[in-house]
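Commentary on secondary and tertiary structure
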Amino acid sequence: MSVARPVCSGPPVNAYRMMKNFSIALSSTLAADAAPAPRDARPACLTSGFCTSGNEDSAQFGATLSNGQIGAAREEIKDWLRLCHTPGVPPAAVRRLLAAFGPPGAIFGASRGALSDVVPADVVRRLLARTSAELSTQIALTLEWAHRPGCTVVTLSETAYPRALLTLGDAPPILYCRGDVMLANRSGDDGERAVAVVGSRRASLQGRDNARHFSRALGDAGVAVVSGLAAGIDAAAHEGALETSGGTCAVIGTGADIVYPTRHRALAEQIAERGLMLSAFPVGTPPRPEHFPRRNRLIAALARCTVVIEATTHSGSLITARLAGELGRDVLAVPGSIHSPHSEGCHVLIRDGATLAASPDDVLEALGMTPPAPARPARDERKRQRRPLPSGEGDALPDLNRRIAQGCTDGNAPPLPGVHVRRTQASTDVSPAGPVDAPAGTTAVLKALGYDPVNADTLCERTGLGIAEVLAQLGTLELGGHVARLPGGRFSRLILAS
């Protein structure tokens with residue numbers, strides 16, 4: 001779903017796509033709200049050698065990388081934090097100062113009069129006042145964190161800063177990173193080889209399987225998978241992409257030193273080792289509800305398109321999809337059962353113009369990439385090869401379960417010996433008006449079934465039960481009207497009226 005960018009003051013944000021120079025990018029973004037500068041004044045970064053010019057391919061956002069260093073140095077971190085977090089200095093004022101003077105070192109080296117030509121005098125007074133105890137503590141905490149292995153502070157003045165975020169008119173000036181800082185830029189200037197995979201925190205097992213499958217296929221094709229480390233679909237997306245060539249980036253709504261939810265600590269460590277953990281919030285920032293829409297906006301901006309896998313109509317994933325549309329990104333949604341509340345949000349997106357994504361190939365097509373030729377059997381086929389269904393005389397499987405495993409769909413076939421099921425009664429039992437409570441001993445399989453058709457092997461994997469036990473439970477559930485048997489040995493959960 002491509003949505004035109006909203007009309008806003010100043011130049012269009014897509015002007016960033018042609019700009020690789022720090023000063024030009026900031027100046028163009030802030031032209032509308034910057035205070036008029038004296039007629040003979042020129043931004044310090046244009047006269048101090050901070051910015052480069054000439055060949056676009058060699059243009060740098062800043063000079064920090066001239067010695068091979070990635071990330072800001074200690075003194076730079078102090079200056080950036082002082083500029084961005086001094087109480088009473090609003091973000092708009094920070095952007096105007098950066099546009100006029102360049103990096104914070106140049107801002108703090110400017111005269112009070114020069115600063116007052118750009119921002120109000122009371123803002124200048126606060127900015128030049130003695131650093132507060134609270135800010136001093138924040139600076140010390142950040143410096144200690146940045147000294148840890150794999151932890152990096154990346155500022156707007158550096159080449160390592162994700163270029164895709166420059167499509168935002170108010171790109172966060174400081175990012176806190178753990179892991180592969182350059183991962184975001186390897187996906188292209190505008191994230192053309194990055195996909196956001198998001199969805200419900202309370203995802204079904206099938207939804208999580210879909211997220212892993214999509215992310216693994218996209219990652220194997222060299223596409224970076226971006227998500228938010230939340231429970232459910234987000235976590236599954238990261239898991240699917242971890243071992244792939246595309247890698248994964250987790251954008252979080254807390255400080256980079258905090259893992260939320262805490263049960264994802266091990267996953268966060270894996271992402272930091274093999275991918276990228278990224279935060280726009282200062283070190284030590286706890287999770288707060290208002291942070292997550294801001295995080296979602298960064299997720300949408302980092303990716304060329306957003307794929308929603310399972311979402312209710314009130315899901316935060318729909319916020320990410322809306323933000324992606326506002327940024328001119330494509331939105332795709334994976335459809336599901338019409339009976340599943342987890343699929344309602346996806347169906348709303350498709351109804352409103354999102355692209356239906358039935359497989360990872362649909363996402364690759366949206367990226368303008370050719371889907372790779374299959375190099376090995378499908379995952380489910382490999383499972384069937386590894387775990388063949390029991391057959392032959394002496395089997396412990398009841399005849400009914402063998403019939404289920406074979407996916408018999410012949411409606412005229414007579415009942416097997418020893419199984420006395422009246423067809424009219426069975427037909428009545430599988431109607432939506434059947435019993436609500438699952439039979440005793442079948443809860444594990446019913447919970448693992450979800451709403452999408454699956455085979456018995458998949459249920460074995462999800463529940464940890466043996467094939468005989470799974471098929472026995474399926475037989476009981478089918479007779480009780482809780483599941484329907486489909487062609488090919490697959491089963492689907494039925495919605496039962498209360």
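In this report, the structure presented in the accompanying data block is examined. Fair warning: this is a prediction, and the values are worked out from it, not measured in the lab.

This part covers the overall build of the protein chain. Check the secondary structure of the protein chain and you find 21 helices and twelve strands. When burial is assessed residue by residue, the protein chain has 48% of its 498 residues classed as buried. Pairs at least 24 residues apart make up 72% of the contacts formed inside the protein chain by residues separated by at least 6 positions. Carbon and sulfur atoms make up 53% of the accessible area of the protein chain, which amounts to about 22900 Å² in all.

A word on the packing of helix α2 (residues 74-85) against helix α3 (residues 91-101). Two elements in contact, α2 and α3, have axes separated by 9 Å at closest approach and are oriented at 135 degrees. When the axes of α2 and α3 are compared, the pair comes out oblique. On α3, the residues that touch W80, L83 and C84 of α2 are V94, L97 and L98. For the contact of α2 with α3, the class distribution of residues is six nonpolar, no polar and no charged.

This part covers the sheet that holds strand β9 (residues 355-356). Spatially, the nine strands line up as an open sheet ordered β1-β2-β6-β5-β4-β3-β7-β8-β9, and their pairing is mixed. Sheet topology places β1 (151-155) and β9 at the edges, where each strand pairs with a single neighbour. Relative to strand β4 (residues 224-227), strand β3 (residues 194-199) runs parallel, the two sharing three bridges. Residue pairing in the sheet places A196 in a bridge with V226 of β4.

Before going further, it helps to spend a moment on the side chain of Q473. Position of Q473 relative to the elements: it lies in helix α21 (residues 467-479). Look at Q473 and you get buried, because its relative accessible area is 5%.

Structurally, the position occupied by Y260 is in the loop between β5 (248-255) and α11 (265-274). Each C-alpha atom, one on Y260 and one on P287, is 7.1 Å from the other, the two residues being 27 residues apart in sequence. The contacts of Y260, once residues within four sequence positions are left out, are L229, T254, P287 and F292.

What counts and how
- Residues numbered from 1 in each chain as written.
- Predicted model: local features only at pLDDT ≥ 70, side-chain atom pairs only at ≥ 80, totals over all residues.
- Heavy atoms only, no water.
- Helix = DSSP H or I, 4+ residues; strand = E, 2+ residues; numbered from the N terminus.
- Buried < 20%, exposed > 50% of the residue type's maximum accessible area, 1.4 Å probe, protein only.
- Contact = heavy atoms within 4.5 Å.
- Areas by Shrake-Rupley, 256 points an atom, 1.4 Å probe, with all protein chains shown as cover.
- Axes fitted to C-alpha atoms, helices over the stretch in contact; angles between N-to-C directions.
- Parallel < 35°, antiparallel > 145°, perpendicular 65-115°, else oblique.
- Nonpolar A, V, L, I, M, F, W, Y, C, P; charged D, E, K, R; others polar.
- Pairing = 2+ DSSP bridges.

No statement about biological role is implied by the geometric values presented.
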